[in-house]
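Geometric and topological summary
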Amino acid sequence: MTERLSDVTTGTNTSATGSDSTDDVDTSPNTPEVADSRRTTEGTVYTVTGGDWDEVLADAVHDERIVMNLGPQHPSTHGVLRLVLELEGETVTHARSVIGYLHTGIEKNVEYRNWVQGVTFVTRTDYLAPLHHEAAYCMSVEKLLGITVPDKAQAIRVLLMELNRISSHLVALATGGMELGALTGMTSGFREREEALHLLEHLTGLRMNHAFIRPGGLAQDLPADAVEKINAFVKIMEKRLPDYDKLLTGQPIWRNRLAGVGYLPVDACLALGITGPILRSAGLPWDLRKVEPYSGYENYNFDVPTSNAADCFARYLLRLEEMHQSLKIIKQVVKSLPTGPVMVEDAKIAWPAQLTIGSDGMGNSLEHVRKIMGQSMESLIHHFKLVTEGFKVPAGQVYVPVESPRGELGYHVVSDGGTRPMRVHLREPSFVNLQSMPAMCEGGMVADVIAAVASIDPVMGGCDR
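Remember, it's a predicted structure, so these values are computed and weren't measured experimentally.

1. Concerning the sheet that holds strand 9 (residues 407-415)
One open sheet holds the three strands; their spatial order is 8-9-10, and the pairing between them is antiparallel. Only two strands of the sheet have a single partner each, and these edge strands are strand 8 (396-404) and strand 10 (423-427). In this sheet, adjacent strand axes meet at a mean angle of 15 degrees when their direction is disregarded. In this sheet, strand 9 lies alongside strand 8 in antiparallel orientation, the contact comprising nine bridges. Paired with Val402 across the two strands is Leu409, which belongs to strand 9. The strands that helix 5 (residues 130-145) touches are strand 8, strand 9 and strand 10; relative to strand 8, the one it contacts most, it runs at about 150 degrees.

2. Quick word on the packing of helix 6 (residues 151-180) against helix 18 (residues 446-456)
Viewed as axis vectors pointing N to C, helix 6 and helix 18 meet at an angle of 175 degrees, and their least axial separation amounts to 9 Å. Between helix 6 and helix 18, the angle falls in the class roughly antiparallel. Residue-level contacts link Gly176, Glu179 and Leu180 of helix 6 to Ile450, Ala451 and Ala454 of helix 18. Of the residues assigned to the contact of helix 6 with helix 18, the class counts are four nonpolar, one polar and one charged.

3. As for the environment of Glu64
Checked against the element boundaries, Glu64 lands in the loop between helix 2 (53-60) and strand 3 (66-70). Residue classification places Glu64 among the exposed residues on the basis of a relative accessible area of 53%. Separated by 20 residues in the primary sequence, Glu64 and Thr44 place their C-alpha atoms 8.6 Å from one another.

4. A closer look at the confidence of the model for the protein chain
Per-chain confidence: the protein chain averages 85 in pLDDT, with 85% of residues scoring 70 or above. Every residue in residues 1-15 scores below 50 in pLDDT, and together they form 19 contacts with partners more than four places removed in sequence or on other chains. Below a pLDDT of 50 lies the segment residues 18-25, which in the model reaches nine contacts outside its immediate sequence neighbourhood of four places, other chains included.

5. Overview of the pattern of salt bridges
Applying the stated criterion to the full structure yields 19 salt bridges. For Lys108, the salt bridge goes to Glu111, with nearest N and O atoms at 3.2 Å. For Lys108, a relative accessible area of 47% gives the class partly exposed. Arg406 is the salt-bridge partner of Asp457, the closest N and O atoms lying 2.7 Å from each other. Of this pair, Asp457 sits in the loop between helix 18 and helix 19 (460-464) while Arg406 sits in the loop between strand 8 and strand 9; the two residues are 51 residues apart in sequence, bridging distant segments of the chain. Residue Asp457 shares its accessibility class with Arg406, and that shared class is buried. Each of Glu162, Arg165, Arg280, Asp287, Arg289, Glu322 and Glu403 takes part in a single network of salt bridges with overlapping partners.

6. Description of the packing of helix 7 (residues 183-204) against helix 8 (residues 226-249)
Closest axis-to-axis distance for the helix 7/helix 8 pair is 11 Å, and the angle between their directions is 170 degrees. Classified by the angle their axes make, helix 7 and helix 8 are roughly antiparallel. Counted together, Thr184, Gly185, Ser188, Gly189, Arg191, Glu192, Glu195, Ala196, Leu199, His202 and Leu203 of helix 7 and Ala226, Lys229, Ile230, Phe233, Ile236, Met237, Arg240, Tyr244, Leu247 and Leu248 of helix 8 form the full contact between these two elements. When grouped by side-chain class, the residues that make up the contact of helix 7 with helix 8 number eleven nonpolar, five polar and five charged.

Parameters and conventions
Residues numbered from 1 in each chain as written. Predicted model: local features only at pLDDT ≥ 70, side-chain atom pairs only at ≥ 80, totals over all residues. Heavy atoms only, no water. Pairing = 2+ DSSP bridges. Helix = DSSP H or I, 4+ residues; strand = E, 2+ residues; numbered from the N terminus. Axes fitted to C-alpha atoms, helices over the stretch in contact; angles between N-to-C directions. Contact = heavy atoms within 4.5 Å. Parallel < 35°, antiparallel > 145°, perpendicular 65-115°, else oblique. Nonpolar A, V, L, I, M, F, W, Y, C, P; charged D, E, K, R; others polar. Buried < 20%, exposed > 50% of the residue type's maximum accessible area, 1.4 Å probe, protein only. pLDDT = per-residue confidence, 0-100. Salt bridge = Lys/Arg side-chain N within 4 Å of Asp/Glu carboxyl O.

Structural data, given as structure tokens:
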């Protein structure tokens, strides 16, 4: 008995009474060598009264996974995105995204408005690239109508979309920096974005949700000093963009947090339908501005940057280079800006681009009111019906894609011949690209999930819409 008192592997009773160790130990050959256990709602609970700790832990290791919610209020999930992560220690073994926290029903709302009013809804989906949504929607309506937009309107659309691409990529860079702790990258990114939003406000009247691109052209022409303001913006950006290479690209901590993280090769991108910088970071130069040009993009000289690294660092570098290419396009647009109208001549479609604004910046000027009131009763009735009912669009369906900052943004629009869309459905790149999150994150560390989601750059307004 004295020999067994010191042998703790048998669960010997060493109480003060010193009872015989064989009294409460089952020495039969069928006794298991691990601790008793019971199943609970939280998993397996072990009652350890001895036994071999190594064997206990080996059996329990697969039942010690932690399921963790990351978001939707978490500041590093890139918006109101909820991630459900299953962890073993710091390693992610299972990752799923939960969406819908920013659902607005925009696609359904558009069906209850006329064709022009739809612009004010679609511009609020991806609130970082509103002009791309406006352009895609209006191009869909114009394709159904069978009309051609004036050259000047096409050029200005390209100009606005490239300005919007720059501002969107700056937010991607800034929020990614904030989420990874590079706060100087965040403050710098938002500083440059303010320059872009100031310019967009000067050109369109609003910083965001512009409703400036309309079916048939634009709401109005650019202001008289537009070229001067655009050139000043280009000059500032050409000076400041190289600073990001000094601040982040060569920074070892930034590089180590992104390089080799969130790997997604080209075959996985194609299988999941991934487009935009994620696909181009895997080596496929797929950019709709090049492969399926629209709005006159074929007239401008620019490059489509690609990489073979297929990781978060490559996506960061591509977005930085795409901003340089957007500046290149903007300079070409300004240099070759056509003259002429910015809206089709058809008076049955052209509202409201030919209206003038009152001195208070709202409503219509007295000259315009005097014109429509004084010409004839027919013109007043026509104006009233155009504003209240809208124009009719021939029955049919179209799909029109554009290259948004996040990838292929497509509008599937169905008309039944009335003054309202029968159906509007978005192929939103944030929604599709979010499918890549588990493939990027599973098997990696929790900290790398933040980097991977930031490199996807989802905008939840567009994802949930």
